[in-house]
Amino acid sequence: MHTPVLLNQVIEAMEIKKDGLYIDATFGEGGYTREILSKGGRVLAIDLDEDQIKNSELSRIKLVQGNFGDIEKIARENNFFPVDGVVFDLGLSMRQISQSGRGFSFKKYFEPLDMRMSTETEMTAKYLLNHCSESELFEVFAKNSEEINSQKIAREIIIKRQTKKLETVGDLINCIDKAVGEVDSNVYKRIFQAIRIQVNEEFENLKNGLNGAMKIIKNDGKVAVVTFHSIEDRIVKNFSKNPGIKLLNKKVIMNRRGRTFEKSAKLRLLIKNNI
Ligand SMILES: C[S@@+](CC[C@H](N)C(=O)[O-])C[C@H]1O[C@@H](n2cnc3c(N)ncnc32)[C@H](O)[C@@H]1O
């Protein structure tokens with residue numbers, strides 16, 4: 001079961017209204033949806049991953065397999081607008097990391113290098129790692145993770161695949177180990193996250209999702225975004241500078257569990273303010 005970080009802070013900030021309309025743009029295992037329902041809100045929930053939809057036991061909601069980049073279209077097709085609030089809780093759920101079998105975790109040595117959130121996505125981690133040039137791989141790693149060993153890791157992947165294609169998580173781990181030597185597990189996490197972001201076009205989807213959300217939200221409606229990556233947070237912050245949008249919390253609400261970089265979550269709250 002996934003325990004969403006910042007759940008209480010998000011729900012409190014959203015001020016859920018009885019019979020209000022809310023979109024949970026990243027349904028996952030339903031943590032946010034359950035809370036909104038318990039406060040009397042009505043929910044349209046979206047998830048890109050077909051398994052998240054199949055595994056849901058929740059009734060009383062509209063559950064759509066789709067990309068939140070298409071949130072405006074999905075809301076209109078389901079006649080679920082204008083809405084009072086939208087929640088984006090980015091990244092992966094615990095079930096995806098531990099049970100999906102798609103190679104999201106650097107600890108799952110024998111899983112295939114897939115990393116797609118939806119099996120309908122064409123690009124896979126395996127394709128990317130075996131077909132991109134060294135400079136393209138470097139760019140993916142450096143741009144999406146700012147890992148200082150990006151160049152060495154890209155080089156090692158090119159050398160390795162001259163003899164055998166990379167197939168499994170273990171193959172990628174071996175390349176990172178060889179390139180970096182003594183590896184801190186944060187290097188694995190950063191490289192895996194960088195690849196996942198590229199495969200799933202996560203930054204583009206976030207930009208489209210925020211744009212779409214603003215088109216279907218009521219004036220004064222709220223959009224809550226929980227991010228786990230500094231670039232995602234920057235996208236939200238920059239988006240909030242558009243006319244008609246106000247950032248409610250100038251000081252970002254953070255949750256830092258331990259000291260590992262990818263567990264620190266940030267919440268930003270946007271309000272539509274078109275008057
Ligand atoms: C951190 S989990 C959400 C967890 C959820 N709040 C809960 O309480 O269980 C993120 C979810 O967003 C989904 N997701 C990621 N990118 C998406 C996108 N572009 N469109 C729709 N869903 C997406 C993932 O498949 C995953 O299930």
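Residues numbered from 1 in each chain as written. Predicted model: local features only at pLDDT ≥ 70, side-chain atom pairs only at ≥ 80, totals over all residues. Heavy atoms only, no water.

In this section: the packing of helix 1 (residues 7-14) against helix 2 (residues 31-38). To characterise two packed helices, one gives the angle between the axes of the helices and the distance between these axes. Their axes nearest at 11 Å, the elements helix 1 and helix 2 cross at an angle of 40°. By the angle between their directions, the pair helix 1 and helix 2 is classed as oblique. Two packed elements cross with a definite hand, and for helix 1 against helix 2 that hand is right-handed. Contacts between helix 1 and helix 2 involve Leu 7, Val 10 and Ile 11 on the former and, on the latter, Gly 31, Tyr 32, Glu 35 and Ile 36. Residues that form the contact of helix 1 with helix 2 fall into these classes: five nonpolar, one polar and one charged. (Axes fitted to C-alpha atoms, helices over the stretch in contact; angles between N-to-C directions. Helix = DSSP H or I, 4+ residues; strand = E, 2+ residues; numbered from the N terminus. Parallel < 35°, antiparallel > 145°, perpendicular 65-115°, else oblique. Left-handed = near helix turned anticlockwise from the far one by under 90°. Contact = heavy atoms within 4.5 Å. Nonpolar A, V, L, I, M, F, W, Y, C, P; charged D, E, K, R; others polar.)

It is characteristic of soluble globular proteins that their nonpolar side chains tend to be buried jointly. One finds Leu 129, Phe 141 and Ile 195 to be the most contacted residues of the largest nonpolar core, which totals 33 residues. Within the residue set of this core, elements represented by two or more residues are helix 6 (125-131), helix 7 (134-145), helix 8 (150-161), helix 9 (169-180) and helix 10 (185-199). Contact partners of Ile 195, with chain neighbours within four places excluded, come to Met 115, Ala 125, Leu 128, Leu 129, Phe 141 and Leu 172. By size, the runner-up hydrophobic cluster in this structure holds 32 residues, among which are Ala 25, Ile 197, Ile 245 and Leu 270. (Core = buried A, V, L, I, M, F, W, Y, C linked by side-chain atoms within 4.5 Å. Buried < 20%, exposed > 50% of the residue type's maximum accessible area, 1.4 Å probe, protein only.)

Close to the ligand lie 25 residues, the nearest being Glu 29, Asp 47, Phe 68, Asp 89 and Gln 96. Between the ligand and Asn 67 there is a distance of 2.9 Å, counted from a nitrogen atom to a side-chain nitrogen or oxygen. For the ligand, whose unbound accessible area comes to 600 Å², protein coverage reaches 98%. By residue class, the composition of the shell around the ligand is nine nonpolar, twelve polar and four charged. (Near = heavy atom within 4 Å. Polar contact = N/O pair within 3.5 Å; in protein donor to acceptor, adjacent residues only side chain to side chain. Areas by Shrake-Rupley, 256 points an atom, 1.4 Å probe, with all protein chains shown as cover.)

The next thing to look at is helix 1. For helix 1, the full list of buried residues reads Leu 7, Val 10, Ile 11, Ala 13 and Met 14. Around the axis of helix 1, the buried residues are gathered within 165° of arc, so they sit on the same side. Of the exposed residues in helix 1, those oriented more than 90 degrees away from the buried face are Asn 8 and Glu 12. On its buried face, helix 1 sits against strand 1 (21-24), helix 2, strand 4 (83-89), strand 5 (217-227) and strand 8 (265-272). Just downstream of helix 1 lies Glu 15, where phi reads positive at about 50°. (Arc of directions from axis to C-beta.)

Domain parsing of the chain yields domain 1 (7-95 + 202-272) and domain 2 (122-199). Computed over C-alpha atoms, the centres of domain 1 and domain 2 are 30 Å apart. The interface is formed by eleven residues belonging to domain 1 together with nine residues belonging to domain 2. Together domain 1 and domain 2 conceal approximately 940 Å² of surface at their shared face, both sides included; 52% is due to carbon and sulfur atoms. (Domains from an automatic or database assignment. Buried area = accessible area lost by both parts, 1.4 Å probe.)

Next up on the list: the pattern of salt bridges. The full count for this structure, using the stated rule, is 19 salt bridges. A salt bridge links Arg 76 to Glu 72; the nearest nitrogen and oxygen atoms lie 3.1 Å apart. Within this pair, Arg 76 and its partner Glu 72 are both found in helix 4 (residues 71-77), separated by four residues, close to a single helical turn. Using a relative accessible area of 40% as the deciding quantity, one classes Arg 76 as partly exposed. The closest approach of N and O atoms between Lys 126 and Glu 167, which form a salt bridge, is 3.0 Å. On the criterion of sequence distance, the pair formed by Lys 126 in helix 6 and Glu 167 in the loop between helix 8 and helix 9 is long-range, its members being 41 residues apart. What makes Glu 167 partly exposed here is its relative accessible area of 32%. By sharing partners, the salt bridges in this structure join Asp 49, Asp 51, Lys 54 and Arg 102 into a single network. (Salt bridge = Lys/Arg side-chain N within 4 Å of Asp/Glu carboxyl O.)

With seven of seven residues buried, strand 4 lies mostly within the body of the structure. Pairing of strand 4 with strand 5, which is carried by six bridges, proceeds in the parallel orientation. Following the sheet pairing, Gly 85 is matched in strand 5 by Lys 222. (Pairing = 2+ DSSP bridges.)

One pass over the structure, following the stated rule, counts zero disulfides. Cys 132 forms no disulfide, and the closest cysteine sulfur to it belongs to Cys 175, at a distance of 14 Å. The buried category is assigned to Cys 175, whose relative accessible area is 2%. (Disulfide = S-S within 2.5 Å.)

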